[in-house]
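Close look at the chain arrangement
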Amino acid sequence: MRVMPANSCGWFWHSLARETGRLGHLYSPRGQRGPWPWFPYALDNGAFSCWEPKDNTFDDARWESTERQWNHLVTWAQSAPLKPLWAIVPDVPGNAERTFDRWTRFASALGDIPAALAVQDGMTPADVKALKVQPAVIAVGGSTEWKWLTVEAWAQNFPRVHLLRCNSPARLYELEAMGVESCDGTGWCRGNRKQTSGLEEWARSKAQPVSYPLWPHVCRAPRNPLQETFA
C-alpha cells in the first residue's frame, strides 16, 4: 500500500519515500510540484474544498473557479514526463446522483490518465458496476462514518481502491490488510509527532527502497504554484 501525505515535500518526506518506496503524492489544483520518480502521484479535483459536511451543501460558485484550476492541473499532468497513477474525476461530495452526473460529463476529459470515481454516501458496488464507463480506481470518499463502514466492501469488489482522508497510523495496517492500494491525508505533517512517527514506522515495516538518481530532479516546490515545472 502507498500513503500520499498531502503537500509534504520536505527533505524528511523525500528521504522516507526513497528509503521505503511507500509514499506518494495526491495533488490538488494549484498544488502540483515536481514530479519526482520516487513520489508516484495522483490528481485530486478540489471539490472537497467546496463542500460543507455539516449541512451537506456544495458551493457551485466556488467550484466554477476550481474547475478551471483542475483543467490546468490535468494539462500539467498530461505534459509532465512522469504520468500520474490516476486522477479523481470531479464529484460532488455527499451527493451520489450529482457525482454520477459529473462522472458522465468529465471522465473523458482525462485522456489516457486512468480515471478514479469518488464514491459517495448511498452508492453501492452494484451501482458503479452498472456504469457504462467503468472507473479504473475507486476513491472512497463521502462522510467519514460511511467511508469507514464501506471501504472493505469496495476493496472486495474492485481491484484498485484509494481511501480519501486517512490520518491514523493504526488504520494503515487495517487498510493494507483489506487490499486497499493507497490512501491520502493532510494530517501527517501538521506537527503531531505521534502521527508522523506512526506513519514512518508503518512505511519502514515493509520497506522497498527505490534507487532513482537525484539528478536531474530538484526537491523543491515552485515559487508560483501555477508554474509549469518539469523534472
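Predicted, not measured: the structure shown is a model, and the values here were computed from it.

With that out of the way, let us pick up the side chain of D91. Within the secondary structure layout, D91 lies in the loop between β6 (87–88) and α3 (96–106). In this structure, D91 is buried with no salt-bridge partner, the nearest side chain bearing the opposite charge being R102 at 6.7 Å. Within the local environment of D91, its side chain forms a polar contact with the side chain of Q120, the two groups lying 2.9 Å apart. Beyond its immediate sequence surroundings of up to four residues, D91 is in contact with N45, A47, F58, T99, R102, A118 and Q120.

Judged by nonpolar contacts, the single largest core of 52 residues is most densely connected at V3, V119, V140, W154 and L172. Per element, the largest residue contribution to this core is 5 residues, and it comes from helix α2 (residues 60–79). The residues touching W154, leaving out its near neighbours within four places in the chain, are V119, M123, T124, P125, V128, I138, V140, W146 and V161. In terms of nonpolar packing, the next biggest core, distinct from the first, is built from 10 residues, W86, A116, V137 and L164 among them.

This paragraph deals with the environment of W148. Mapped onto the secondary structure, W148 falls in helix α5 (residues 144–157). W148 sits 23 residues away from R171 along the chain, and the two C-alpha atoms are 9.9 Å apart.

This paragraph deals with unusual backbone geometry. For the bond from G34 to P35, the omega torsion is 0°, close enough to zero to count as cis. Examined against the element boundaries, P35 turns out to sit in the loop between β2 (25–27) and β3 (41–43). A positive phi angle, close to 60°, is found at R165, a residue other than glycine. Its place among the elements puts R165 in the loop between β9 (161–163) and α6 (169–178). The partly exposed category is assigned to R165, whose relative accessible area is 23%.

In an α-helix, one turn spans 3.6 residues; hence positions three or four apart end up facing the same way. Taking 1.5 Å per residue as the helical rise, α5 with its 14 residues ought to reach 20 Å, and the 20 Å between its terminal C-alpha atoms agrees with that figure. The principal kink in α5, of about 45°, is found at T150. Residues of α5 that are buried: W146, K147, T150, V151, W154 and A155. Looking at the buried side of α5, the elements it contacts are β7 (115–119), α4 (125–129), β8 (137–140), β9 and α6.

The next subject is the pattern of salt bridges. If the charged atoms of two oppositely charged side chains come close together, the side chains can form a pair. Under the definition given, this model contains 8 salt bridges. R105 is the partner of E67 in a salt bridge, and the nearest nitrogen-oxygen pair spans 3.6 Å. Pair noted here: E67 is in helix α2 and R105 is in helix α3, with a separation of 38 residues, a long-range link. With its nearest N and O atoms 3.1 Å apart, the salt bridge here joins R171 to E174. Of this pair, R171 and E174 both sit in helix α6, 3 residues apart, roughly one helical turn. With relative accessibility at 29%, the residue R171 sits in the partly exposed group.

This part is about the packing of aromatic side chains. What the rule picks out here adds up to 9 aromatic pairs. Ring pairing ties together the aromatic residues Y27, Y41 and W76, which thus form one cluster. The aromatic ring of W202 is capped on one face by R22, whose charged end is 3.7 Å from the ring centroid.

Let us now look at the environment of R98. Structurally, R98 is set in helix α3. On the basis of relative accessibility, which here comes to 29%, the residue R98 falls in the partly exposed class. With 22 residues separating them along the chain, R98 and Q120 place their C-alpha atoms 9.9 Å apart. For R98, the residues in contact, after removing those within four places along its chain, are F58, D60 and V92.

The side chains of a regular strand alternate between both faces of the sheet. Among the 5 residues of β7, 5 are classified as buried, and the element is accordingly described as predominantly covered. Residue alternation in β7 divides its side chains into two sets, A115, L117 and V119 and A116 and A118, and both sets are buried. Sheet topology note: the β6/β7 ladder contains 2 bridges and is parallel. Across the sheet, I88 pairs through a bridge with A116, a residue of β7. Regarding topology, α3 serves as the crossover connection from β6 to the parallel β7, and that connection is right-handed. Looking at chain direction, β7 and β8 are connected through 4 bridges and run parallel. Opposite A118, over in β8, you have A139 as the bridge partner.

Calculation notes
- Residues numbered from 1 in each chain as written.
- Predicted model: local features only at pLDDT ≥ 70, side-chain atom pairs only at ≥ 80, totals over all residues.
- Heavy atoms only, no water.
- Helix = DSSP H or I, 4+ residues; strand = E, 2+ residues; numbered from the N terminus.
- Buried < 20%, exposed > 50% of the residue type's maximum accessible area, 1.4 Å probe, protein only.
- Lys, Arg positive; Asp, Glu negative; His and termini not counted.
- Salt bridge = Lys/Arg side-chain N within 4 Å of Asp/Glu carboxyl O.
- Polar contact = N/O pair within 3.5 Å; in protein donor to acceptor, adjacent residues only side chain to side chain.
- Contact = heavy atoms within 4.5 Å.
- Core = buried A, V, L, I, M, F, W, Y, C linked by side-chain atoms within 4.5 Å.
- Expected span 1.5 Å × (residues − 1).
- Bend = angle between axes of the 7 residues up to and from the residue.
- Phe/Tyr/Trp six-rings, centres within 6.5 Å; stacked < 30°, edge-to-face > 60°.
- Lys NZ or Arg CZ within 6 Å of the ring centre and 35° of its normal.
- Pairing = 2+ DSSP bridges.
- Right-handed = clockwise from strand over helix to strand, strands pointing away.

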